Amino acid sequence: MTRMQHRRTTLAALAAAALAVSFPAVAQQKAGEPLKIGFVYVSPIGDAGWTYQHDVGRKEMEQALAGKVTSKYIESVPEGADAERVIRELAQSGHNLIFTTSFGYMNPTIKVAQAFPKVSFNHATGYKTAKNVGTYNARFYEGRYLAGIVAGKMTKSNVAGYVAAFPIPEVVMGINAFARGMRSVNPKAEVKVVWVNSWFDPGKEREAALTLIAQGADVVSHHTDSTAVVQAAEEKGVWAVGYHSDMSKFGPKAHLTAATHHWDGIYLKAAQDVLDDATWGVLAADYRDGSFRFNATV
């Protein structure tokens, strides 16, 4: 064998090895079997909140397509290496449609999608896409603006407190919408923000809410996953604006309203697309048919 032939043989072997690493074997769906759909959640499902609403959407999608789909969820998955492992395991075990439901899952989703080009991935709240990766969100900022109007009308101190998770576009957008809503009816209103650097940490969320109340906030809201802020407001006798879910049962005297998320339409569309082999379940970039509902409870 000549040196050139040896080089070509070596390069071919390396290319084959790289292909084997990049595109691992996937359990294939057999004809007539239900479509397997995977969901990755950043926090516990619980009784209210971001993950709870996604799980409600999952159940409604599964009910609407009874017999045609099955779904599996993994809850309390940290963003980062654990997320990549969980997403990869779902793809390897034959889940041909996978939803990753937290901002920090963006890069792990893109990375795993490259290794599974025949699997459809959809990532909530992110901005990176690929041939087999779509993104989706709700128009939550509209509900935030309306909630701000309510807060602006109800405050006596002209101060609202906002417990926020991370300074990412989704959260900043919500804060801005809430503040603009308040000031549209109360030009003296201001919004104070405490960042807790966690999507779900009831202890930190409660502590942040109490700090804001001590600083004069007589209305508090949050972009975190637990009900701790509403419960703190109930305890201290101030108003609360819930988020993700109607949280009135956790603060019956404090809870003014909530912008609640409803994801069933998105999940049903993507699953039906796979079943129909239409767009094979990859949502368009920044797909925003996730709806919100404005629930007045006072």
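Since the model is a prediction, treat every value here as computed from it, not as a measurement.

Calculation criteria
- The residue numbering used here restarts from 1 in each chain and proceeds along that chain's sequence as written.
- This being a predicted model, a pLDDT of at least 70 is required before a residue's local features are given, and a value of 80 or more before pairs of side-chain atoms are given or counted; all residues contribute to the totals for chains, interfaces and linings.
- Calculated side-chain values reflect all of the structure's heavy atoms, with hydrogen atoms and water omitted.
- Here the term buried applies to any residue with accessible area under 20% of the maximum for its type, exposed to any over 50%, and partly exposed to those in between, with areas from a 1.4 Å probe on protein chains only.
- Runs of H or I in DSSP of at least four residues are treated as helices and runs of E of at least two as strands, each being numbered from the N terminus.
- Pairing between strands is defined by DSSP: at least two bridges between them are needed.
- Ring pairs are drawn from Phe, Tyr and Trp, using the six-membered ring of Trp, whenever the two centres fall within 6.5 Å, and their geometry is named by plane angle: stacked under 30 degrees, edge-to-face over 60, tilted for the rest.
- In our convention, an over-ring charge means Lys NZ or Arg CZ found within 6 Å of a ring centre and within 35 degrees of that ring's normal.
- Helix axes are fitted to C-alpha atoms over the stretch in contact, other axes to C-alpha atoms as well, and angles between N-to-C directions run from 0 to 180 degrees.
- With the far helix as reference, a near helix turned anticlockwise by less than a right angle produces a left-handed crossing, and one turned clockwise produces a right-handed crossing.
- In what follows, residue pairs with any heavy atoms lying within 4.5 Å of each other are defined as contacts.
- Residues were grouped as follows: Ala, Val, Leu, Ile, Met, Phe, Trp, Tyr, Cys and Pro as nonpolar; Asp, Glu, Lys and Arg as charged; and all remaining residues, including Gly, as polar.
- Working rule for angles: under 35 degrees goes down as roughly parallel, over 145 as roughly antiparallel, 65 to 115 as roughly perpendicular, anything else as oblique.

Student: So what exactly am I meant to see when it comes to the pairing of strand β5 (residues 133-138) here?
Tutor: Consecutive side chains of a regular strand alternate in pointing toward one face of the sheet and then the other. The buried fraction of β5 is high, at 6 of 6 residues. Burial of the side chains of β5 extends over both faces: V133, T135 and N137 are buried on one face and G134, Y136 and A138 on the other. Direction of pairing for strand β4 (residues 120-124) relative to β5: parallel, over a ladder of 4 bridges. In the sheet register, N122 faces β5, and the bridge partner there is G134.

Student: Help me understand the packing of aromatic side chains in this model?
Tutor: Aromatic ring pairs are described here by two measures, namely the spacing of the ring centres and the angle between the planes. Enumeration over the complete set of coordinates arrives at 13 aromatic pairs. With 4.9 Å between their ring centres and 90° between their planes, F39 and Y267 make a pair best called edge-to-face. Linking F39 in strand β1 (residues 35-40) with Y267 in helix α9 (residues 264-276), this pair joins segments that are 228 residues apart in sequence. In this pair, the class of F39 matches that of Y267, namely buried. Geometrically, the ring pair formed by Y136 and Y267 is edge-to-face, given 5.8 Å between the ring centres and 80° between the ring planes. Of the two residues, Y136 sits in strand β5 while Y267 sits in helix α9, which places them 131 residues apart along the sequence. What makes Y136 buried here is its relative accessible area of 1%. Its relative accessible area of 0% is what places Y267 among the buried residues. In textbook terms, an aromatic cluster arises when at least three aromatic residues are bridged by ring pairs, as seen for F39, Y41, W50, Y73, F99, Y136, W263 and Y267. For the cation-ring pair, R144 lies above Y243, with the distance from its terminal atom to the ring centre recorded as 3.4 Å.

Student: Explain the packing of helix α3 (residues 81-92) against helix α4 (residues 106-115) to me, please; I cannot follow it from the model alone.
Tutor: Relative orientation and spacing of two packed helices are given, respectively, by the angle between their axes and the distance between those axes. Contact geometry for α3 and α4: axes closest at 9 Å, N-to-C directions at 35°. When the axes of α3 and α4 are compared, the crossing they make is right-handed. Where α3 abuts α4, its residues A83, E84, I87 and R88 lie against P108, T109, K111, V112 and A115. Tallied by class, residues from the contact of α3 with α4 come to 5 nonpolar, 1 polar and 3 charged.

Student: Before we go on, may I ask you to explain the packing of helix α5 (residues 140-154) against helix α6 (residues 169-185) in this structure?
Tutor: The interhelical angle for the contact between α5 and α6, taken along N-to-C directions, is 40°, at an axis separation of 6 Å. Regarding the angle of α5 to α6, the classification is oblique. Here α5 and α6 pass one another in a crossing that is right-handed. The segment α5 lies against α6, with F140, Y141, R144, Y145, A147, G148, I149, A151, G152 and K153 engaging E170, M173, G174, A177, F178, R180, G181, M182, S184 and V185. Across the contact of α5 with α6, the residue classes tally to 11 nonpolar, 5 polar and 4 charged.

Everything listed is a geometric property; what it means functionally is a separate question.
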